Amino acid sequence: MPIPQPAPTPGKTDWVVHDRLGLFIHWGIYSLAARHEWVRNRERISNADYQKYFDHFDPDLYDPRQWARAAKGAGMKYAVITSKHHDGFCLFDSKLTDYKATNTPAGRDLLAPWVEAFRAEGLKVGFYYSLIDWHHPEFPIDGLHPQRDDVEFREANRDRDIRKYAAYLHGQVREILSLYGTIDVLWLDFSYSSRDWGWSRGKGKEDWQSERLIELVRELQPDVIVNNRTEVEQDFHTPEQFQPRGWLHVNGRPVIWEACQTLNGSWGYDRDNLDWKPPKMLVQMLIDGVSKGGNLLLNVGPTARGEFDPRALWTLEQIGEWMRLHSRAIYGCTQAEFTPPLDCRYTYNPQTNRLYLHLFAWPFKHVHLDGLAGKVAYAQLLNDASELRFSDFTQHDRYPTSDPNALTLQLPIRQPDVEVPVIELFLKE
Ligand code: GLC
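The shown structure was predicted, so the numbers you read here are calculated from the model rather than taken from an experiment.

Trainee: Even after reading the chapter, I still don't get the site of the ligand, so can you show me in this structure?
Mentor: By nearness alone, 14 residues border the ligand, and His26, Glu37, His85, His86 and Glu240 come closest of all. Here the ligand has 310 Å² of accessible area as a free molecule, and 95% of this is covered by the chains. A class-by-class count of the residues in the shell around the ligand yields seven nonpolar, three polar and four charged.

Trainee: Looking at this model, I keep getting lost on the pattern of salt bridges. Mind explaining?
Mentor: Side-chain pairs of opposite charge can arise where the charged atoms are in close proximity. All chains considered together, the criterion is met by 24 salt bridges. Arginine 158 is the salt-bridge partner of glutamate 155, the closest N and O atoms lying 3.3 Å from each other. The partly exposed category is assigned to glutamate 155, whose relative accessible area is 44%. Its relative accessible area of 61% is what places arginine 158 among the exposed residues. Residue aspartate 309 pairs with arginine 311 through a salt bridge whose shortest N-O separation is 2.8 Å. One network of salt bridges, in which partners are shared, links Arg69, Lys72 and Glu121.

Trainee: Sorry if this is basic, but what is going on with unusual backbone geometry here?
Mentor: Negative phi is the rule for most residues except glycine; trans is the rule for most peptide bonds. The step from aspartate 189 to phenylalanine 190 runs through a cis peptide bond, and the omega angle for that step is -20°. Looking at where phenylalanine 190 falls in the secondary structure, it is placed in the loop between strand S4 (185-189) and strand S5 (195-196). The phi torsion at asparagine 251 lies on the positive side, around 50°, for a residue other than glycine. Note on asparagine 251: relative accessible area 76%, which makes it exposed.

Trainee: Can you help me understand the nonpolar core in this one?
Mentor: Side chains of a nonpolar character, in soluble globular proteins, are inclined to be buried together. Ranked by internal contacts, the top residues of the largest apolar core, which has 92 residues, are Trp114 and Phe118. The two domains that each donate at least three residues to this core are domain 1 (14-329) and domain 2 (344-427). Residues within four places of tryptophan 114 in sequence aside, it is in contact with Ile25, Tyr62, Pro64, Trp67, Ala79, Val80, Ile81, Val125, Gly126 and Phe127. Within the second largest apolar cluster, 22 residues are counted, among which are Leu359, Trp362, Leu369 and Val376.

Trainee: Would you mind showing me how to read the sheet that holds strand S7 (residues 225-226) here?
Mentor: Sheets are built from strands paired through backbone hydrogen bonds, the pairs being either parallel or antiparallel. Within the open sheet, the seven strands sit side by side as S7-S4-S3-S2-S1-S11-S10. Their pairing is parallel. The open sheet has two edge strands, S7 and strand S10 (257-261), and neither has a second partner. With four bridges joining them, strand S1 (residues 21-25) and strand S2 (residues 78-84) adopt parallel strand pairing. Directly across from glycine 22, in S2, lies its bridge partner tyrosine 78. Each of S2, strand S3 (124-130) and S4 is contacted by helix H8 (residues 162-176), which is oriented at about 170° to S3, the strand it contacts most. The strands that helix H11 (residues 279-290) touches are S1, S10 and strand S11 (294-300); relative to S11, the one it contacts most, it runs at about 150°.

Trainee: Just to check I follow, could you spell out the packing of aromatic side chains for this structure?
Mentor: Pairs of aromatic rings are described using the distance from one ring centre to the other and the angle between the two planes. Enumeration according to the criterion identifies 28 aromatic pairs in this entry. A ring pair is formed by tryptophan 15 and tyrosine 78, whose centres lie 5.3 Å apart and whose planes are at 80°; its orientation type is edge-to-face. Of the two residues, tryptophan 15 sits in helix H1 (residues 14-19) while tyrosine 78 sits in strand S2, which places them 63 residues apart along the sequence. For the pair formed by tryptophan 15 and tyrosine 78, the shared burial category is buried. Both rings, one in phenylalanine 24 and one in tryptophan 267, keep their centres 5.5 Å apart while their planes meet at 75°; by these two values the pair is edge-to-face. On the criterion of sequence distance, the pair formed by phenylalanine 24 in strand S1 and tryptophan 267 in the loop between S10 and H11 is long-range, its members being 243 residues apart. No difference in accessibility class separates phenylalanine 24 from tryptophan 267, as the two residues are buried. The positively charged end of arginine 40 is found above the aromatic ring belonging to tyrosine 50, 5.4 Å away from the centroid. Looking at arginine 154, its charged tip hangs above the ring of tryptophan 199, at a distance of 3.8 Å from the centre.

Reading guide: rules and limits
- Residues numbered from 1 in each chain as written.
- Predicted model: local features only at pLDDT ≥ 70, side-chain atom pairs only at ≥ 80, totals over all residues.
- Heavy atoms only, no water.
- Near = heavy atom within 4 Å.
- Areas by Shrake-Rupley, 256 points an atom, 1.4 Å probe, with all protein chains shown as cover.
- Nonpolar A, V, L, I, M, F, W, Y, C, P; charged D, E, K, R; others polar.
- Salt bridge = Lys/Arg side-chain N within 4 Å of Asp/Glu carboxyl O.
- Buried < 20%, exposed > 50% of the residue type's maximum accessible area, 1.4 Å probe, protein only.
- Helix = DSSP H or I, 4+ residues; strand = E, 2+ residues; numbered from the N terminus.
- Core = buried A, V, L, I, M, F, W, Y, C linked by side-chain atoms within 4.5 Å.
- Domains from an automatic or database assignment.
- Contact = heavy atoms within 4.5 Å.
- Pairing = 2+ DSSP bridges.
- Axes fitted to C-alpha atoms, helices over the stretch in contact; angles between N-to-C directions.
- Phe/Tyr/Trp six-rings, centres within 6.5 Å; stacked < 30°, edge-to-face > 60°.
- Lys NZ or Arg CZ within 6 Å of the ring centre and 35° of its normal.

And the structure:
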């Protein structure tokens, strides 16, 4: 199976297809409600009733250097933070609105120290920016708006002008791409090609004036990589809480892609949520993505005091421990040309010509690798560099294999004590 080759895109993507693992951060005044970042929509909260979170946003423990260290410790190489989410609240000191961290008890731009801290740890930085906005006075009361069921309010706000909102959106994107130096990722969210709520219609690309928006972005940050949620094809696609079956294809062509995943189903801090994914599952998701040529952007929703919840920190530490021993099976790796055995994934580093076999289940002493007979020079467990012996068995009496092209590896009976064991195969030239 040949390795897919996505076509070149406008931004600079070489680092992202190498780095593979990033941190997503959803932080805003919904963190005080602590029940999902869509709380305003779900509970149909009016502006007036949502104001209490603005008035009480006081992240006294906010130290982005600790966040950056936690990300780096987990093996993450880049990070993307919500500059503004759907509720319209801005973490930065925008000149275009009063609805910003500067005017809360936080009293300052929260993105500037964030960018500095993450850069200082050597991570690339990116901004998420919400295209939809439930606070802006010109954003239509559409079918997702928190006040959608308030017919009186809807009637009183019929004349809202999406073009005026689009000017604001362009202005804010200009701000976030001008105020903080080089920005590596712009993560825009979210859009709809066409939606009809009866009393209101939405046409994403027209509403955001996406073509013009992208021109602006390229003028300010020519190398930035931009996702495809504006409905203008740019650099990468972003399946959400979903692992694709294979390399992601759009219109029949392979694309650069990054799955975004939560730790517990919610992006924003969600105190009572018990759906935490075990570290092993998250490590497997990362491997699974890389084995299909993709990335993982893993989310943490910090608390309103400005900290990562201990459950999130613990999970990042576990991932970090796996990455400490296995990151060379991730960085610089992509899909391999071979088909792995059941319950396994391959990743492949074309630079070093090494193939990595990730075992999601521990086999019965032997594992058979189709198509690899005669192709492997040396094999070892990656966690401790202990040799694994192998043979190109054909129809040996004791070890009959059905496929003369298979290479058979001998494994220890006990699985090494790591979340996912990896075998490193040095291929012959
Ligand atoms: C969705 C949600 C949003 C979240 C995003 C992350 O589009 O609306 O809350 O920020 O996904 O991918």
